[in-house]
Amino acid sequence: MKCSWPWRAVCADGVRQAAFCICSDHSNNHADYAGSNRDNDKTTQENTLLMTTLLEQTCASLDMVVFTHTGADRFRPESVLPEWMLGLLGTPHETDGYDLVDAFPFLSCFMDEARSQWQQALSYPVRSGSWIETDLFGREVPLEASALFVNGCEVLILQQLGEKYRAEVTLLQHVRDGLLNQEFLEAEVRKRTGEIRQREEDIALKLISLTSFRDQETGAHVRRIGLYAAAMARALDWSETEVDNIRIAAPMHDIGKIGIPDNILLKPGALNEDEFAIIKQHARIGAEMLSGTDIPVLEMAAGIAWCHHERWDGSGYPRGLAGEQIPVAARITTIVDIYDALIHERVYKRAFDEAEAVAIMRGLSGKNLDPGLLKVFLYLLPVMRRIKDEVREEDEGLQSLALDTGVR
Ligand SMILES: [Fe+2]
Ligand SMILES: [Fe+2]
């Protein structure tokens, strides 16, 4: 009789090879040898016993049962049925096998899927993943099925996952609890960060209002500066925190004017050299007011206040810094401050239209203004125009540094 589904193994001596059939065509396992003595019946029996024992022990230690398909939905066990499987089958031993699809309806779809897989790649092993059955005693039994097709025989292996499954479920629950906890903590951090940010913005508003817009600056101008600068920072791919920082920090660029006497700050005509020297002090005064903390938004604001009159070519004040020696936040603020001053009316000048303003700014590229950042600014002109239209000069009060629409 030919074996249609052999289990092969190398015996302990590493020489003899034994194979026996557990296919549905055979009522008894029999053995065939490729080894030292094919005709030795005694050795044949020993090896058959060895292989049977090996299969039994493997199945027992892995908590699994091997079945072969005998037709229709019936499967015959090829290893001893353990207690947990008897509790699930609930029927006495049946010589022609068990109706496993009736016992485990889940297997109906699983075997259909396995058979369709085998049409593409014969003997392709298919695994079900875990599912739960309830036994005769009401206990939940986690199972996993594997099916393979070997030498014309469908083999179904059912494994009881037991502790391994419970350990995995417990682990998943811990992970889920951890994630929920993490989500909660992240939401708390976001909430607290939002509160801190709002407080920083309130402080900035108070500081700006201290100057009472004593020169020609208006509340609308201050707000627009922050929004223009934030748009630039976003285009430069800054983090959201940094974008928010410059939105709040840039409006404080002229805060040092609080230290300039009215007779100079509000003087209608041209300033003489001494008066201009005093006006220049507002950069240093502003930096001193804002520095000395480790609050990032105030540190940025101090840098902007100190450097917003520096020029790319080094001809600015107060220190004559050039190029990238000037903090990038200050270089951005310089560009947007000039743009906003140009397109709005002041007591000493008319409002230029956008084309005129852009022409003037192009003329300042590489002199007053960082040429690279100016390109970014010009690319963003439609955004700047929208900010200008939304934050109008006549909107006197300064209640917020964000857009009324909530856009920051
Ligand atoms: Fe200034
Ligand atoms: Fe300004």
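Residues numbered from 1 in each chain as written. Chains lettered and ligands numbered in written order. Predicted model: local features only at pLDDT ≥ 70, side-chain atom pairs only at ≥ 80, totals over all residues.

Undergrad: Could you give an account of the overall build of the chain, naming the residues involved and the relevant values?
TA: Across its full length, the chain holds 14 helices and nine strands. Scored against the burial criterion, the 408 residues of the chain give a buried share of 29%. Contacts in the chain between residues far apart in sequence, at least 24 positions, make up 55% of those at least 6 positions apart. (Helix = DSSP H or I, 4+ residues; strand = E, 2+ residues; numbered from the N terminus. Buried ≥ 20, exposed ≤ 12 C-beta atoms within 10 Å, placed from the backbone. Contact = placed C-beta atoms within 7 Å.)

Undergrad: So what's going on with the sheet that holds strand 5 (residues 74-77)? Which residues, and what values?
TA: Here we have six strands laid out as an open sheet, ordered 6-5-4-9-8-7, and antiparallel in their pairing. Unpaired on one side and paired on the other, strand 6 (98-99) and strand 7 (126-134) mark the two borders of the sheet. (Pairing = 2+ DSSP bridges.)

Undergrad: I'd love a proper account of helix 9 (residues 273-290), names of residues and values included.
TA: Taking 1.5 Å per residue as the helical rise, helix 9 with its 18 residues ought to reach 26 Å, and the 27 Å between its terminal C-alpha atoms agrees with that figure. Within helix 9, the axis deviates most sharply at Ala283, by approximately 25°. Taken together, the buried positions of helix 9 are Ile279, His282, Ala283, Gly286, Ala287 and Leu290. One or two positions beyond helix 9, positive phi appears at Gly292, with a value near 95°. (Expected span 1.5 Å × (residues − 1). Bend = angle between axes of the 7 residues up to and from the residue.)

Undergrad: Could you give an account of the packing of helix 10 (residues 296-307) against helix 11 (residues 328-343), naming the residues involved and the relevant values?
TA: One can describe the packing of helix 10 onto helix 11 by two numbers: an axis separation of 8 Å at closest approach and a directional angle of 55°. Comparing their axes, helix 11 and helix 10 come out oblique. Crossing of helix 10 against helix 11: the hand is right-handed. Contact with helix 10, carried on its side by Met300, Gly303, Ile304 and Cys307, involves Ala329, Ala330 and Thr333 of helix 11 and no other residues of that element. Of the residues contributing to the contact of helix 10 with helix 11, the split by class is five nonpolar, two polar and no charged. (Axes fitted to C-alpha atoms, helices over the stretch in contact; angles between N-to-C directions. Parallel < 35°, antiparallel > 145°, perpendicular 65-115°, else oblique. Left-handed = near helix turned anticlockwise from the far one by under 90°. Nonpolar A, V, L, I, M, F, W, Y, C, P; charged D, E, K, R; others polar.)

Undergrad: Give me the lowdown on helix 4 (residues 106-120), citing residues and values where you can.
TA: A rise of 1.5 Å per residue sets the reference length of helix 4, with its 15 residues, at 21 Å; its end C-alpha atoms lie 22 Å apart and thus fit the reference within 8%. Of the positions making up helix 4, those classed as buried are Leu107, Phe110, Met111 and Ala114. For helix 4, the angular spread of buried residues about the axis comes to 95°, placing them on one side. Exposed and facing more than 90 degrees away from the buried side of helix 4 are Cys109, Asp112, Ser116, Gln119 and Gln120. In the core, the buried residues of helix 4 are packed alongside helix 3 (100-103), strand 7 and strand 8 (140-150). (Arc of directions from axis to C-beta.)

Undergrad: Describe the environment of Leu136, with residues and values.
TA: In this fold, Leu136 is placed in the loop between strand 7 and strand 8. Residues Leu136 and Leu89, spaced 47 residues apart in sequence, show a C-alpha to C-alpha distance of 8.4 Å. With residues near it in sequence (within four places) discarded, Leu136 still touches Gly87 and Gly90.

Undergrad: I'd like a description of the pairing of strand 5, backed by residues and values.
TA: Residues Phe75 and Pro77 line the buried face of strand 5, whereas the alternating positions Arg74 and Arg76 sit on a face that is not buried. In textbook terms, the turn of a hairpin is the stretch between consecutive antiparallel strands, and for strand 4 (residues 64-71) and strand 5 this stretch comprises two residues, one of which, Ala72, has a positive phi near 50°. Bridge count for strand 5 against strand 6 is two bridges, and the pairing is antiparallel. In the sheet register, Phe75 faces strand 6, and the bridge partner there is Tyr98.

Undergrad: Outline the nonpolar core, supporting the account with residue identities and numerical values.
TA: In terms of nonpolar packing, the biggest core is built from 46 residues, with Ala229, Ala249, Ala301 and Ala305 touching the most fellow members. At the level of secondary structure, the elements contributing two or more residues to this core comprise helix 5 (162-211), helix 6 (219-235), helix 7 (240-249), helix 9, helix 10, helix 11, helix 13 (371-379) and helix 14 (381-390). It is helix 6 that provides the largest number of residues to this core, a total of ten residues. In contact with Ala229, other than residues within four places in its own chain, are Ile246, Arg247, Ala250, Ile332, Thr333 and Val336. Formed by 20 residues, the second largest nonpolar core is a distinct cluster that contains Met64, Leu89, Tyr98 and Ala114. (Core = buried A, V, L, I, M, F, W, Y, C linked by C-beta atoms within 7 Å.)

Undergrad: Talk me through the packing of helix 6 against helix 14; I want residue IDs and the actual numbers.
TA: At their nearest, the axes of helix 6 and helix 14 sit 10 Å apart, and the two run at 160° to each other. One element, helix 6, and the other, helix 14, form an angle in the roughly antiparallel class. The interaxial crossing formed by helix 6 with helix 14 has right-handed handedness. Each of Arg224, Leu227, Tyr228 and Ala231 in helix 6 lies in contact with helix 14, whose residues at this interface are Val383, Met384, Ile387 and Lys388. By residue class, the composition of the contact of helix 6 with helix 14 is six nonpolar, no polar and two charged.

Undergrad: Run through the pairing of strand 7, naming residues and quoting values.
TA: Pairing of strand 7 with strand 8, which is carried by seven bridges, proceeds in the antiparallel orientation. Bridge pairing in strand 8 places Arg127 opposite Ser146. The hairpin turn running from strand 7 into strand 8, its antiparallel successor, is five residues long, and Gly138 in that turn takes a positive phi close to 80°.

Undergrad: Quick rundown of unusual backbone geometry? Include the residues and the values.
TA: Here the amide bond leading from Tyr317 into Pro318 is cis, since omega sits at 10°, within 30 degrees of zero. By the secondary structure assignment, Pro318 is in the loop between helix 10 and helix 11. At Asp63, a residue that is not glycine, the phi angle is positive and equals roughly 55°. As for its placement among the helices and strands, Asp63 is situated in the loop between helix 1 (41-61) and strand 4.

Undergrad: Any chance you could break down the confidence of the model for the chain for me, citing the residues and the numbers?
TA: Taken residue by residue, the chain gives an average pLDDT of 82. The fraction at 70 or more is 82%. A low-confidence stretch, residues 1-36 (pLDDT under 50), is modelled with 77 contacts involving residues beyond four sequence positions or located in other chains. For the stretch residues 404-408, pLDDT sits under 50, and the model shows six contacts to residues farther than four places along the chain or on other chains. (pLDDT = per-residue confidence, 0-100.)

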